[in-house]
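This is what each chain is made of:
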Amino acid sequence: MPGTRVSVKSVPMVHTPIEVMEVIQRMPELEDQALCSVLYLTAARINEIVRDFKGTQIQERQQERDGRVYDFIDFVNVLTLKKRKNRPLDYYRRTIPVIVDKYTEPFFDILNAYIETSMADKPDEAILFRKTSRAYQWHIEKYCKPYFAHWFRAARNTHLISIYNFNTYRLLKWNNWSNSRHADVYVNLSGQDLIDKQIS
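Rules behind the numbers
Residues numbered from 1 in each chain as written. Predicted model: local features only at pLDDT ≥ 70, side-chain atom pairs only at ≥ 80, totals over all residues. Heavy atoms only, no water. Axes fitted to C-alpha atoms, helices over the stretch in contact; angles between N-to-C directions. Helix = DSSP H or I, 4+ residues; strand = E, 2+ residues; numbered from the N terminus. Parallel < 35°, antiparallel > 145°, perpendicular 65-115°, else oblique. Left-handed = near helix turned anticlockwise from the far one by under 90°. Contact = heavy atoms within 4.5 Å. Nonpolar A, V, L, I, M, F, W, Y, C, P; charged D, E, K, R; others polar. Patch = residues over 30% accessible without salt bridge, like charges linked within 9 Å, V, L, I, M, F, W, Y side chains within 5 Å. Areas by Shrake-Rupley, 256 points an atom, 1.4 Å probe, with all protein chains shown as cover. Salt bridge = Lys/Arg side-chain N within 4 Å of Asp/Glu carboxyl O. Lys, Arg positive; Asp, Glu negative; His and termini not counted. Charge placed at Lys NZ, Arg CZ, Asp CG, Glu CD. Buried < 20%, exposed > 50% of the residue type's maximum accessible area, 1.4 Å probe, protein only. Pairing = 2+ DSSP bridges. Polar contact = N/O pair within 3.5 Å; in protein donor to acceptor, adjacent residues only side chain to side chain. Core = buried A, V, L, I, M, F, W, Y, C linked by side-chain atoms within 4.5 Å. Expected span 1.5 Å × (residues − 1).

Draft legend 1. Just the packing of helix H2 (residues 30-42) against helix H4 (residues 105-118), in detail. Where H2 meets H4, the axes come as close as 8 Å, and the angle between the chain directions of the two elements is 135 degrees. It follows that H2 is oblique to H4 by the angle criterion. By crossing handedness, the relation of H2 to H4 is classed as left-handed. Side by side, H2 and H4 meet where Leu-30, Glu-31, Gln-33, Ala-34, Ser-37, Val-38, Tyr-40 and Leu-41 of the first sit next to Phe-107, Phe-108, Ile-110, Leu-111, Ala-113, Tyr-114 and Thr-117 of the second. For the contact of H2 with H4, the per-class residue count stands at 11 nonpolar, three polar and one charged.

Draft legend 2. A look at a negative patch on the surface. Together, Glu-60, Asp-71, Glu-105 and Asp-109 make up a region of like negative charge exposed at the surface. The topology assignment puts Asp-109 in helix H4.

Draft legend 3. Representation of unusual backbone geometry within the structure. In this structure, the amide linkage connecting Lys-145 to the following residue, Pro-146, adopts the cis form with an omega of 15 degrees. Along the polypeptide, Pro-146 turns up in the loop between helix H5 (133-144) and helix H6 (149-162). The phi torsion at Asp-66 lies on the positive side, around 55 degrees, for a residue other than glycine. With respect to the element layout, Asp-66 can be found in the loop between strand E1 (58-65) and strand E2 (68-79). Judged by its relative accessible area of 82%, Asp-66 falls in the exposed class. Positive phi is not limited to glycine here, since Asn-176 has a value of about 60 degrees.

Draft legend 4. Examining the pairing of E1 more closely. Sheet analysis places E1 next to E2, joined by eight bridges and oriented antiparallel. Residue pairing across strands places Glu-64 opposite Val-69, the latter belonging to E2. Here E1 folds back onto E2, and the loop between the two strands holds two residues, one of which, Asp-66, carries a positive phi near 55 degrees.

Draft legend 5. A look at the environment of Thr-80. For Thr-80, the position within the fold is in the loop between E2 and strand E3 (93-99). Residue classification places Thr-80 among the buried residues on the basis of a relative accessible area of 2%. Placed 10 residues apart in sequence, Thr-80 and Asp-90 show a C-alpha to C-alpha distance of 9.4 Å. The residues contacting Thr-80, other than those within four sequence positions of it, are Glu-48, Tyr-92, Arg-94 and Asn-176. In this structure the side chain of Thr-80 is engaged in a polar contact, spanning 2.7 Å, whose partner is the side chain of Arg-94.

Draft legend 6. Layout of the nonpolar core. Core analysis: the largest hydrophobic core is formed by 54 residues, its most contacted members being Ile-49, Phe-75, Phe-129 and Phe-152. Excluding residues that lie within four positions of it along the chain, Phe-152 makes contacts with Val-20, Val-23, Ile-24, Cys-36, Leu-39, Tyr-40 and Ile-140.

Draft legend 7. Expanded view of the pairing of E2. With six bridges joining them, E2 and E3 adopt antiparallel strand pairing. By the bridge assignment for E3, Val-78 is matched with Arg-94.

Draft legend 8. Structural view of H2. For H2, with 13 residues, the first-to-last C-alpha span of 18 Å sits near the 18 Å given by 1.5 Å per residue. With 12 of 13 residues buried, H2 lies mostly within the body of the structure. Phi turns positive, to about 60 degrees, at Ala-43, one or two residues after H2.

Draft legend 9. Highlighting the sheet that holds E2. The antiparallel open sheet is built from three strands, whose spatial order is E1-E2-E3. The strands lining the two open edges of the sheet, one partner per strand, are E1 and E3. With strand direction ignored, the average angle separating the axes of adjacent strands in the sheet is 35 degrees. Docked against the sheet, H4 engages E1, E2 and E3, running at close to 60 degrees with respect to E2.

If you want it as structure tokens, here you go:
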């Protein structure tokens, strides 16, 4: 039933971003597809995005590395709900840099299509996803079963390791975790995934 807490380990492992895209495309509404694309790209929690995230928080930039220029999309001032101290709300915001490459471009295409078609007549400061998190979760669980909102976060963290070679420290910083326990879980899961693919 919608809203039921389900372990990420209880759903099928997804090996590639293409498979994530196939899950997203099950949903008929572009708005839902765009939200899930953001959840995957940022590995954010759904409550960190809905009814808070604005179009102005998506910023393009370029960065040179090893003699090559890469395109990045920065999701800036993303709210972190796991608060550890009694501080002002803005203290719990972070910037999530996402490289634009063959793996992420299809997800950005969906997000851009949603902004161009549904947000064109709205001010730049408009909230991108205005429904409640519960409403979005219901849509995701209805059309993407057995997958659910938090699964996109798990898939992205797995791919940050298997595709982009993130180690425990980089994954910890990306997710703004206070300790490495969660990162270690994903590192171990990704390692087992690689073993399974070699065996199969």
